[in-house]
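A structural walkthrough
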Amino acid sequence: MINDIIAIIKDYWLLLLIGQYPNGPLGGLANTLILSALSIALAFPVSILFALARLSKWPMLRWPVTALVYVTRGVPLLMLILWSYFLVPLWTGADVPSFVTMLTTLVVYQGAFLSEVVRAGIVALGHGQMEAARALGHSYLGAMRYIILPQALYNMIPSIISTFVSTIKDTTLGYVINVPDLTFAASQVNNQLLTQPFQVFLILAIVYYAICWSLTHVANRLERRIALRRAGPSSLRATPLVATSKIVSEQL
Amino acid sequence: MSGFDLSAILSNPEYVEMLLHGIEMTFVIYIGSWLLAMTLALVFLGLRFSPLRFGNSIVAAYVSYHRNVPTLVQLMLWYFGIFTLMPQGWTTWLAGHNAEAIFAIIGLGLCQAAYFSEDLRSGLRSVNPGQMEAAKALGHSYISAMRFVIMPQGVRNALPPLINHSVSLFKNSSLALVIGASELTHAVKEIENLSFRTFEIYLVGTVLYLFFSLLIMTGGAYLSMRADPARSARA
């Protein structure tokens, strides 16, 4: 079993890494990572706009975006992929590569999910920050730009990394519309070997695990650091107090 | 293709039957994997809180694996991989009993168990330790304190994430399409191939998914309200 796996990796590592790149489109792991990174990079500004619209006091802005977020959260990603597969060529009137279709879907989907994260980040800051900024003469947008968003986004960094992890996992669904990503490369390998499907898909699972686990790890560490920083010096002062009270209660 | 015409699909008994069958299979997969996931999650919870030292790390490794490997890859590993490694007798039996649906239930259920067990654990951990001390002081044994004091509060705390994950499990049931289970998304694609009414049939499929997802969310919201009227009124 282990020997099979090593042999497969030896023979096919290039295909799994970059697909048929020099002789065809870029694929494999490289494509998975590029697709995920692009999706998050594009979904991020979209999510800020969505969040601001959902927090807006104008129903004209709030309602359509709220509806969009609810629809996105209630419908399987696979269904949305099938929608874009059909709609994106219709809008652009051209033959669209499956990579672009998948990117569009992920931007809308992750944009909707991230917008909930951004909204929570802004709401969690509390009213005081906005009131203080307004009192200092900032306009609403100025306060958002210089006071609220920098703090909210900083607190959200771990959530954004988590979304990045789930985007990497979601790119596997591109398999359905033949996006040449890592999953696609693995199924190509499987089709060539035919006899060792378990070994091939085990390799696939291990690679995804390694990438997503390391990112999750980074997110967790950042989260702890940010939590400590947000708590400020007061948390350091509080520690000995808790410790003393524990000692006291134990003595009692 | 002529203009928008929903009746072309809804008035064709063949398509309606395919849709109904798809909905039925989606629910078979959903309910089956939900039950499997919840049973496993409770077992994991027991392991987490048990005095066995390695119980905790086994569950932690399980959760870590299922959180970091895409669900689709897990389904593929089960259906294309483990299925072929099984003894001959099992394979024939499974092939005769809708193997696609069975592996969809196993794959989705095992994966979701990781999320459910984490939800329950965080719910239980948010119960103040004082509650256990108080229950013991009142003469409860560990088991009965768990049963009557800790679990009711812990499960109530865990309800919101459990509901969210129940909805995402419902949505993930569409992944069974990839291993060929004939659920709702599969039916939608089939009807699209037959009728060429892409827009209409995707709309029907989307509305159906949205309807059932909202139904689960509303049911969950009702359950949370029943479990803790005071807190829901505040939220």
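Structural notes, computed from the coordinates. Nothing here was measured: the structure is a model prediction, and the numbers come from that model.

If you tally the helices and strands in chain B, you get eleven helices and zero strands. Moving toward the C terminus, one meets the helices and strands of chain B in the order α-α-α-α-α-α-α-α-α-α-α. With respect to the three principal axes, the spread of C-alpha positions in chain B is 75 × 50 × 25 Å. By the burial criterion, 47% of the 235 residues in chain B qualify as buried. When contacts within chain B are restricted to residue pairs at least 6 apart in sequence, long-range pairs at least 24 apart make up 77% of them. Here chain B has roughly 11,600 Å² of accessible surface; of this, 67% comes from carbon and sulfur atoms. Of the side-chain charges in chain B, 14 are positive and 13 negative, and the distance between the mean point of each set is 21 Å.

On the surface, Arg221(A), Arg224(A), Arg225(A) and Arg229(A) cluster together to form a positively charged patch. Inspection of the secondary structure assignment puts Arg224(A) in helix 9 (residues 197-231).

Glancing now at the state of the cysteines. A full pass over the atoms with the stated rule returns zero disulfides over all chains. Considering cysteine sulfurs only, Cys111(B) is the nearest to Cys212(A), which forms no disulfide, with 12 Å between them. Judged by relative accessible area, which is 0%, Cys212(A) ranks as buried. With a relative accessible area of 3%, Cys111(B) lands in the buried category.

Look at helix 9 of chain A against helix 4 (residues 71-85) of chain B: their axes get within 8 Å of each other, and the N-to-C directions meet at 155°. Classified by the interaxial angle, the pair formed by helix 9 of chain A and helix 4 of chain B is roughly antiparallel. Judged by the sense of rotation from one axis to the other, the crossing of helix 9 of chain A with helix 4 of chain B is left-handed. Where helix 9 of chain A approaches helix 4 of chain B, its residues Pro197(A), Phe198(A), Phe201(A), Leu202(A), Leu204(A), Ala205(A) and Tyr208(A) are matched on the opposing element by Val73(B), Met76(B), Leu77(B), Phe80(B), Gly81(B), Ile82(B), Thr84(B) and Leu85(B).

Our next topic: the interface of chain B and chain A. Taken together, the contact pairs 36 residues of chain B with 33 residues of chain A. When the buried surface of chain B facing chain A is broken down by residue, Asn68(B), Lys171(B) and Tyr202(B) rank first, second and third, together holding 20% of it. Summed over the shared surface of chain B and chain A, the result is zero salt bridges. Summed over the shared surface of chain B and chain A, the result is seven residue pairs in polar contact (both at pLDDT 80 or more). Contributions of two or more residues to the side of chain B that touches chain A are made by helix 3 (53-68), helix 4, helix 8 (142-172), helix 9 (184-195) and helix 10 (198-227) of chain B. For the side of chain B that touches chain A, the element with the most residues is helix 10 of chain B, which contributes ten residues. Residues belonging to the side of chain B that touches chain A are distributed by class as follows: 22 nonpolar, eleven polar and three charged.

Here the focus is the environment of Ser33(B). Residue and element names in this part refer to chain B. Relative to the helices and strands, Ser33 is located in helix 2 (residues 13-49). Taking C-alpha positions, Ser33 is 12 Å from Phe116, a pair spaced 83 residues apart along the chain. Residue contacts for Ser33: discarding those within four places in its chain leaves Ile105, Leu108, Gly109 and Leu169.

About the cut-offs
- Residues numbered from 1 in each chain as written.
- Chains lettered and ligands numbered in written order.
- Predicted model: local features only at pLDDT ≥ 70, side-chain atom pairs only at ≥ 80, totals over all residues.
- Heavy atoms only, no water.
- Helix = DSSP H or I, 4+ residues; strand = E, 2+ residues; numbered from the N terminus.
- Buried < 20%, exposed > 50% of the residue type's maximum accessible area, 1.4 Å probe, protein only.
- Contact = heavy atoms within 4.5 Å.
- Areas by Shrake-Rupley, 256 points an atom, 1.4 Å probe, with all protein chains shown as cover.
- Lys, Arg positive; Asp, Glu negative; His and termini not counted.
- Charge placed at Lys NZ, Arg CZ, Asp CG, Glu CD.
- Patch = residues over 30% accessible without salt bridge, like charges linked within 9 Å, V, L, I, M, F, W, Y side chains within 5 Å.
- Salt bridge = Lys/Arg side-chain N within 4 Å of Asp/Glu carboxyl O.
- Disulfide = S-S within 2.5 Å.
- Axes fitted to C-alpha atoms, helices over the stretch in contact; angles between N-to-C directions.
- Parallel < 35°, antiparallel > 145°, perpendicular 65-115°, else oblique.
- Left-handed = near helix turned anticlockwise from the far one by under 90°.
- Buried area = accessible area lost by both parts, 1.4 Å probe.
- Polar contact = N/O pair within 3.5 Å; in protein donor to acceptor, adjacent residues only side chain to side chain.
- Nonpolar A, V, L, I, M, F, W, Y, C, P; charged D, E, K, R; others polar.

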